[in-house]
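Given next are the chains, with one letter for each unit.
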Amino acid sequence: MADERRFSDGRILVVAFEGWNDAGEAASGAVTVLRDSLGLAPVHEVDPEQYFDYQFTRPVVYVDDDGRRRLRWPHATMYGPPSEEQLPPEVEAELPSTSLERVDNVFVLLGSEPSRSWKNFAAEILDAALVHDISGIIVVGAMLADVPHTRPISIWASSEDADLRDELGLERSTYEGPVGILSVIADVAEVVGIPTISIWASVPHYVHNAPSPKATLALVKRLEEVLEIPVPHGDLEEESSAWESGIDAIAGEDEDMAAYIEQLEQARDTVDSPEASGEAIAKEFERYLRRRGDGRDGWPDARDRPQS
């Protein structure tokens, strides 16, 4: 009997946007690493005039390699596998032969979060995905959270698809509240029958003004697991160490900041401790109920307690 088709066997679109969904530039940074590592080429680009308010997401002036000043407009571009002629030799050299087949299965979507016409934007993206036979979507985000920079970056992966939760050990999100374009794309994808995974990194909120290479690296590693392909990390390991050391140095000169980080560390260590496991908590709750039954709450036996 043939094995059932796995998520990573299909054509996967990995999505990230700059802006509201991208704390510490971690999500867009991780997907950019994936795009560059695989040498992906543009296959679809939206018309920015339809989806961007330039007073909200302004164009940026920059100097190109020839020394000329140019404008970079807000955009959203889908990238796909290059032809054999387009695949850079250095990319091919870094990828084991066993993973080269999977290069043809990975697409990415990168850009700025649109500021209007989200329904039309999501419909255009899903149309492009269907044209390229996309069978699964991974939306990647990063959020500011009360977490310490000195501990491993927390990664949360969830899906509305029950089969995917079983296959990959994912959770089902219970979040209710405002959302970004990632959630809109995921919702439309589910409607048209494309299963979606949501992967989010928690970035320390007290360093929100700077890029977080540590969170970027954590997301890259999670994408490697889900896509089942190796992705070169480049300088991310060194940059992550430098990022953490730099924050340590700042905290060393600020007693209030150091004390706050220590509180976050204690809270994180409590959550990660063996005593915080579901089984341990259940056993502790049982002991609590037994103590109440022994009369320690003022009643000789739980059965004698008045019923409300």
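Note that this is a predicted model, so its numbers are computed, not measured.

### Thoughts on the side chain of T77
- The topology assignment puts T77 in strand β5 (residues 76–80).
- For T77, a relative accessible area of 3% gives the class buried.
- Discounting chain neighbours no more than four positions away, the residues touching T77 are P42, H44, E45, V108, L109 and L110.

### Regarding the sheet that holds strand β6 (residues 106–112)
- Across the sheet, which stays open at both edges, the seven strands sit in the order β2-β5-β6-β1-β7-β9-β8 with mixed pairing between neighbours. In this open sheet, the two edge strands, each paired with only one partner strand, are β2 (41–45) and β8 (155–159). Direction aside, neighbouring strands of the sheet carry axes that sit 25° apart on average.
- Sheet analysis places β8 next to strand β9 (residues 196–204), joined by five bridges and oriented antiparallel.

### With respect to the packing of aromatic side chains
- This structure, assessed with the given rule, holds four aromatic pairs.
- Ring centres of Y51 and F121 lie 5.1 Å apart, and the angle between their planes is 85°; this geometry places the pair in the edge-to-face category. Here Y51, found in helix α2 (residues 48–51), pairs with F121, found in helix α5 (residues 118–131); they are 70 residues apart in sequence, far enough to count as distant.
- Here Y51 falls in the buried class, since its relative accessible area comes to 2%.
- Considering the side-chain rings of Y206 and Y260, the 6.2 Å spacing of their centres and the 85° angle between planes classify their relative orientation as edge-to-face. On the criterion of sequence distance, the pair formed by Y206 in the loop between β9 and α8 (213–227) and Y260 in helix α10 (residues 255–272) is long-range, its members being 54 residues apart.
- With a relative accessible area of 28%, Y260 lands in the partly exposed category.
- Aromatic ring contacts, followed pair by pair, group F17, Y51 and F121 into a single cluster.
- One residue, R35, lies across the ring of Y79, its end atom 4.9 Å from the ring centre.
- Between R72 and the ring centre of Y62, over which it is positioned, the NZ or CZ distance is 4.1 Å.

### Things to note about the confidence of the model for the chain
- Within the chain, residue pLDDT values average 85, and 81% of them lie at 70 or more.
- The low-confidence segment residues 96–102, where pLDDT is below 50, has ten contacts with residues more than four positions distant or belonging to other chains.
- Within the model, pLDDT remains below 50 along residues 295–308, and this stretch shows 14 contacts once partners closer than five positions in the same chain are excluded.

Rules of the game
- Residues numbered from 1 in each chain as written.
- Predicted model: local features only at pLDDT ≥ 70, side-chain atom pairs only at ≥ 80, totals over all residues.
- Heavy atoms only, no water.
- Helix = DSSP H or I, 4+ residues; strand = E, 2+ residues; numbered from the N terminus.
- Buried < 20%, exposed > 50% of the residue type's maximum accessible area, 1.4 Å probe, protein only.
- Contact = heavy atoms within 4.5 Å.
- Pairing = 2+ DSSP bridges.
- Axes fitted to C-alpha atoms, helices over the stretch in contact; angles between N-to-C directions.
- Phe/Tyr/Trp six-rings, centres within 6.5 Å; stacked < 30°, edge-to-face > 60°.
- Lys NZ or Arg CZ within 6 Å of the ring centre and 35° of its normal.
- pLDDT = per-residue confidence, 0-100.

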